[in-house]
Amino acid sequence: EDSEQKSLRLRDEAVQAWAYAEEMERLAKIERREANEAKERARIERAEADAAIAEAARELREAEEAMENARRERAEADHAKREAARERREYEESVAKMRKEEEEMLMAKRKAERERREADEARRAQAHRKALVEISGCVETSKVARQIVR
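The shown structure was predicted, so the numbers you read here are calculated from the model rather than taken from an experiment.

Chemist: Describe the pattern of salt bridges, listing the residues and the values that go with them.
Modeler: Summed over all chains, the structure comprises 13 salt bridges. A salt bridge links Glu23 to Arg26; the nearest nitrogen and oxygen atoms lie 2.5 Å apart. Remark: Arg26 and Glu23 occur in helix 1 (residues 2–149); sequence separation between them is 3 residues, near one turn of the helix. Residue classification places Glu23 among the partly exposed positions, given a relative accessible area of 31%. The exposure class of Arg26 is partly exposed, given its relative accessible area of 41%. Between Glu68 and Arg71 there is a salt bridge, and its shortest N-O distance comes to 2.7 Å. Linking Glu68 with Arg71, this pair stays in helix 1, spanning 3 residues, or about one helical turn.

Below, the structure written as structure tokens:
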């Protein structure tokens, strides 16, 4: 009976060892499946992270392009502003020059009119003196004629 008990005990131990081995195999399968699922999740997360990095890089490039465009537009606006200021300055200088020329022409016209008036006055004075001399001559002639007549 001792050997039968020993045999039963060994059989029980063998059954328990078999059940333990099956349980370990089942747990190993679960662990492998979980490990594979974790690997797949990690692969998906890595792909999502790569996509997010690519999107961020694209947005960064777009932002840099927008900044460059804004800088270029600001430079063009500054250039246009300087050009407009230069053109305005040239226009104002041109207007000032024309006004100066008009003023000079007006002064020359006034001078010419003054010189013409002075020349007219001088001619009139000359004619007046000449007339006075003629009158004076006539008066002298008349005095002489009166003296002769007496």
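Chemist: Tell me about a negative patch on the surface, residues and numbers included.
Modeler: There is a patch of like negative charges on the surface, built from Glu101, Glu102, Glu103 and Glu104. Counting through the fold element by element, Glu104 comes out in helix 1. Exposure remark for Glu104: the relative accessible area of 44% places this residue in the partly exposed category.

How each quantity is defined
Residues numbered from 1 in each chain as written. Predicted model: local features only at pLDDT ≥ 70, side-chain atom pairs only at ≥ 80, totals over all residues. Heavy atoms only, no water. Salt bridge = Lys/Arg side-chain N within 4 Å of Asp/Glu carboxyl O. Helix = DSSP H or I, 4+ residues; strand = E, 2+ residues; numbered from the N terminus. Buried < 20%, exposed > 50% of the residue type's maximum accessible area, 1.4 Å probe, protein only. Patch = residues over 30% accessible without salt bridge, like charges linked within 9 Å, V, L, I, M, F, W, Y side chains within 5 Å. Areas by Shrake-Rupley, 256 points an atom, 1.4 Å probe, with all protein chains shown as cover. Lys, Arg positive; Asp, Glu negative; His and termini not counted. Charge placed at Lys NZ, Arg CZ, Asp CG, Glu CD.

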